[in-house]
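# Structural features, examined
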Amino acid sequence: MIDRIRDIVPEERIFLDLSERYSYSYDASFGEYLPDIVIQPSNSIEIAQLVKMANKYLIPVYPRGAATSLSGGPLPVEGGMVLDLSQLNKKHIIDRENLLAIVSPGVITAEVHKSAEEVGLFYPPDPSSSHVSTIGGNLLENSSGPKGLKYGTTKEYVIGLEVVTPTGEIIRTGGSTVKNVTGYDLTRLIVGSEGTLGIVTEVILRLIPKPKARKTLLASFDNLVDSGRAITRILSSGILPGAMELMDNACIRAVENYQPSGLPLDAQALVIIEVDGHPSAIEEEIKQCEELCYQEKATNVKVAQTEEERAEIWKARKMVSPAITQMGPTKISEDATVPRSKIPEMMERLKQIREKYQLNLVVFGHAGDGNLHPNIITDKRNIEEMKRVEDAVSEIFEAAVSLGGTLSGEHGIGTLKAPYMELELGKEGLLMMKKIKEAWDPNNILNPGKIFPKPGQTKVVLRA
Amino acid sequence: MTTCPPKHELRLQDPYAEKLRDLSYDAANQCVQCGYCLPACPTYESMGKESASPRGRINLVKMAAEGKIDIQKDLAKPIDLCLGCRACEVACPVDVPYAKIYEAAKEVIAEKQEEARVQEERIKKSSNFQSKLRDTILKNVFPHKGRLRLIGNVTWLYQQAGVNKLVRKTKAINQISEPMAQFEKVLPRLEFPGKRNKWGSTIPAKGEKKARVAFFAGCIMDAMMYQINRQTVELLCLVGCEVIIPNQQNCCGALHAHQGLTNQARTLAQANIEAFEQSGADYYINNAGGCGAMLCEYDKLFENDEQWYARAKDFVSKSRDITEILVQYGPLPFQKEYHGIITYQDSCHLRNVQKVSDEPRLLLQSVPGATFIEMKGSDRCCASGGIYNILHFNESMNILDEKMKHVKETKATTIVTTNPGCLLQMKLGVERQGSSSDIRSLHLVEVLAEACGIR
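Reading the values: the criteria
Residues numbered from 1 in each chain as written. Chains lettered and ligands numbered in written order. Predicted model: local features only at pLDDT ≥ 70, side-chain atom pairs only at ≥ 80, totals over all residues. Helix = DSSP H or I, 4+ residues; strand = E, 2+ residues; numbered from the N terminus. Rg over C-alpha atoms; globule rule 2.2 N^0.38 Å. Buried ≥ 20, exposed ≤ 12 C-beta atoms within 10 Å, placed from the backbone. Contact = placed C-beta atoms within 7 Å. Expected span 1.5 Å × (residues − 1). Axes fitted to C-alpha atoms, helices over the stretch in contact; angles between N-to-C directions. Parallel < 35°, antiparallel > 145°, perpendicular 65-115°, else oblique. Left-handed = near helix turned anticlockwise from the far one by under 90°. Nonpolar A, V, L, I, M, F, W, Y, C, P; charged D, E, K, R; others polar. Domains from an automatic or database assignment. Core = buried A, V, L, I, M, F, W, Y, C linked by C-beta atoms within 7 Å.

## Looking at the overall build of chain A
If you tally the helices and strands in chain A, you get 15 helices and 18 strands. Since a compact globule built from 464 residues should have a radius of gyration of about 23 Å, the 22 Å found for chain A is in line with a globular shape. Principal-axis analysis of the C-alpha atoms places the extent of chain A at approximately 70 × 60 × 40 Å. For chain A, the proportion of its 464 residues judged to be buried stands at 53%. For chain A, contacts bridging at least 24 residues in sequence account for 71% of all contacts bridging at least 6.

## Overview of the interface of chain B and chain A
Counting residues at the interface gives 31 residues for chain B, matched by 28 residues for chain A. Elements represented by at least two residues in the side of chain B that touches chain A include exactly α3 (54-65) and α4 (71-80) of chain B. Of all the elements, α3 of chain B adds the most residues to the side of chain B that touches chain A, at four residues.

## What about helix α23 (residues 393-410) of chain B?
All names here are of chain B. The first and last C-alpha atoms of α23 sit 26 Å apart over 18 residues, in line with the 26 Å expected at 1.5 Å per residue. What α23 keeps buried is the set Glu395, Ser396, Met397, Ile399, Leu400, Lys403, Met404 and Val407. Contacts made by the buried residues of α23 are with α2 (42-47), β6 (341-344), α22 (388-391), β8 (414-417) and α24 (420-433). Backbone geometry just after α23 places Lys411 at a positive phi near 60°.

## Observations regarding the packing of helix α13 (residues 226-238) of chain B against helix α25 (residues 444-451) of chain B
Residues and elements named next belong to chain B. Interaxial distance between α13 and α25 falls to 9 Å at its minimum, and their mutual angle equals 55°. In terms of their interaxial angle, α13 and α25 are classed as oblique. When you trace α13 past α25, the crossing you get is left-handed. Touching Ile228, Gln231, Thr232, Glu234 and Leu235 of α13 are Val445, Glu446, Leu448 and Ala449, all from α25. Of the residues contributing to the contact of α13 with α25, the split by class is five nonpolar, two polar and two charged.

## Considering the domain arrangement of chain A
All names here are of chain A. Segmenting chain A into domains produces domain 1 (2-84), domain 2 (92-209), domain 3 (213-323) and domain 4 (327-412). Distance from the C-alpha centre of domain 2 to the C-alpha centre of domain 4: 29 Å. Of the residues lining the interface, nine residues belong to domain 2; the matching set on domain 4 comes to five residues. Among the residues forming the side of domain 2 that touches domain 4, the class breakdown is three nonpolar, four polar and two charged.

## Quick word on the nonpolar core
Leu83 and Leu205 of chain A together with Leu20, Val61, Ala64, Leu75 and Ala105 of chain B are the most contacted members of the largest nonpolar core, which has 180 residues in total. Among the elements that line this core, the one with the most residues is helix α6 (residues 98-124) of chain B, at eight residues. The residues contacting Leu75 of chain B, other than those within four sequence positions of it, are Ser19 of chain A together with Leu60, Val61, Ala64, Ile69, Ala105 and Ile109 of chain B. Core analysis: the second largest hydrophobic core is formed by 72 residues, Ile234, Ile273, Ala323 and Val338 of chain A among them.

## Some words on the domain arrangement of chain B
Many analyses report the size of an interface as the accessible area lost when the parts associate. Residues and elements named next belong to chain B. For chain B, the assigned domains read domain 1 (8-124), domain 2 (130-186), domain 3 (193-327) and domain 4 (334-451). The gap between the C-alpha centroids of domain 1 and domain 3 is 30 Å. Looking at the side of domain 1 that touches domain 3, its residues break down into two nonpolar, one polar and three charged.

## Some points on the packing of helix α8 (residues 224-235) of chain A against helix α10 (residues 279-295) of chain A
All names here are of chain A. With their axes 9 Å apart at the nearest point, α8 and α10 run at an angle of 140° to one another. Between α8 and α10, the crossing angle belongs to the class labelled oblique. As for how α8 packs across α10, the hand of that crossing is right-handed. Facing Ala230, Arg233 and Ile234 of α8, the residues of α10 in contact are Cys289, Leu292 and Cys293.

In structure tokens:
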């Protein structure tokens, strides 16, 4: 069979050595699964041939970008063939007239940001890994970041695709027009499908004009509920900020402990608000945000006057991830999302979970769109604690769903959240998704073991 | 599914894997595999595969420590292909001590290879030429400054006598090795060895004395680039430093540490700490980014030795790159206009380990008449990597040729670095582009000396 593969892809892009295979056995989430072979295809024809072969011999196929996934998207859980698409990155066209970017899936997201901005355009989705992650990975996980509040997630910007289907056909979906109602919207189906319905080989992205200016403030609150009310007040007052980020007290302490930045240690919540747009409009908006924060009992509001001060504010937020990993070697990063009016309630529930299971649980996230990041810092070698972590994770999902929210706002389901799918979708809803999967991928060879729970599985297991 | 087993449950057959686990497992487990190091890694960029990335290498060390892969068969090659530029440490959001993991792997691989070599020799009395060459150089040449000076002197003689021209004309050296032929061409033109700074001498400050500094001459710099050393001392005097050159100093041990010969590195470090303590100087100055990085991490060699640790810590706190001192006590008394465009290639170990990147640029911008233009990717490794470019010639040249494209874009007529290895690599790059008549590759000290009228 290896000889057949060599007919499709040149030798130097086929990896069989143990060290190479182990290098594709992980992502940024959990677990380690050794693939049998790793291949770096260079075009859609090679991929189509490989997928056809995989169908014939029933080999699992796992597409992989930069493997920054926090949910296990690219993990080769059933062995088989990893297709490393990070090197499929040659095409990168910015079409200024039509406000489009046409790119290969392996292009790094930050490169799209950069090339768009060079001509005064803007590609908003900004996952924090965007300087590493590929556009293909972003698209299949439907990733987003702080800017999702105002500008929406990746799916809002993908208007056309070239896809290799699970049976090895090359199809095009959507196109180069923003408006397109011809037939089913397969583009939207593929986006966020976590690599279970197709391998994306070319992407057409919609770009928008770049906002002219931005203003940023940092507000501290003595009470989480107050901060939640301030966020809601601002959003219902006719202002749509470019970003609204929240850090809880545990985060503030972790950051200060890691790299003292003068943050108020006694504050229960810090909120970063950034508005962008026309300079004179945002001047007024930031002032209004400041006033509303004070009205909702903010103890202190600092508006950045210079670019350095703005960077300083964002530095505190960016420091959260490294700071909390100092507290333990294993980080379980969740992204349960609730309607934004339910944020204070969700924060309260998280506090209860932290106390009940005696865990190091910190919360930060994109408060404006209800997308919180409860993070549990632990040590995967501590079996007893990992069991409590599993219970706590289950309860976080239950809390989010019961408040009308969702398991995942931006990280995806992958392996880690699969057991909870029925909790949110119900039996029939999940079955409908399964039918789609079966119709597209009758042999179940594309990214098997993801999204759908195994029979009887209702809880994540993080222990070895 | 296989998941990482708890440390205490590991029962390993291979004592080398045990040792690797003791030295690096906890550090390797700090990696959260976020991949933020990938874009910073020059070998990941040029080779395009995960095993050539920092995240990949850390994972493989972990796998070897867990006994899942073989140290020699599976781990040695990916580790060997790392340049050790440490750009990943700067990019890492969780401060994984990559150098610790990397050097632990190097050490264990070297020990295991040594054992295999001894066994092999017993059988058929032969061994791997590459590792033999490396060990001979590291054990018998670098720790002996006399022998190194001798090499320098012979090179000077070789150039003076015109043998080099003959060798180039007849292409004799190409018969031996194409890489060596390329390196031969870019060897610096040496001045008369009698002009070397004398060990143990003290050179007075010009004008008001602001500080007493001890100069670390370095082994390669002292043997092959002693003109730059002499100019360094003169620049220091110009900004008001009294300079002493401690007699008992030695090679810094960086090459040994990078090749896994940690014990030898430790012995060299002790000799240097002793020599510099005796100088009574305020600062210990070096002009080679690679050496400086080693010097400023001497404390890490003695984490299990309280007494030496304290002495090493004191040494580290006084260690400075020449550019830091020139900015601190400057400005320099420039006398001549410099012509043309200058661009700067960071020394990785100066930038990523010593965290010095502004000072060289400030100094270059202060040179009268010169136009400083930053090149794309100036902060990325040139793939000189100690002796990486000799051991992995093709991999190194792939990265270098890419870099030379960026040099060309700046239209620079001078390319400046702050480390002997990088300097030779730049000369090699320029030579390979066929533009050695248009572009000069110089150490920063040479540029400043020229503009200050020091010959």
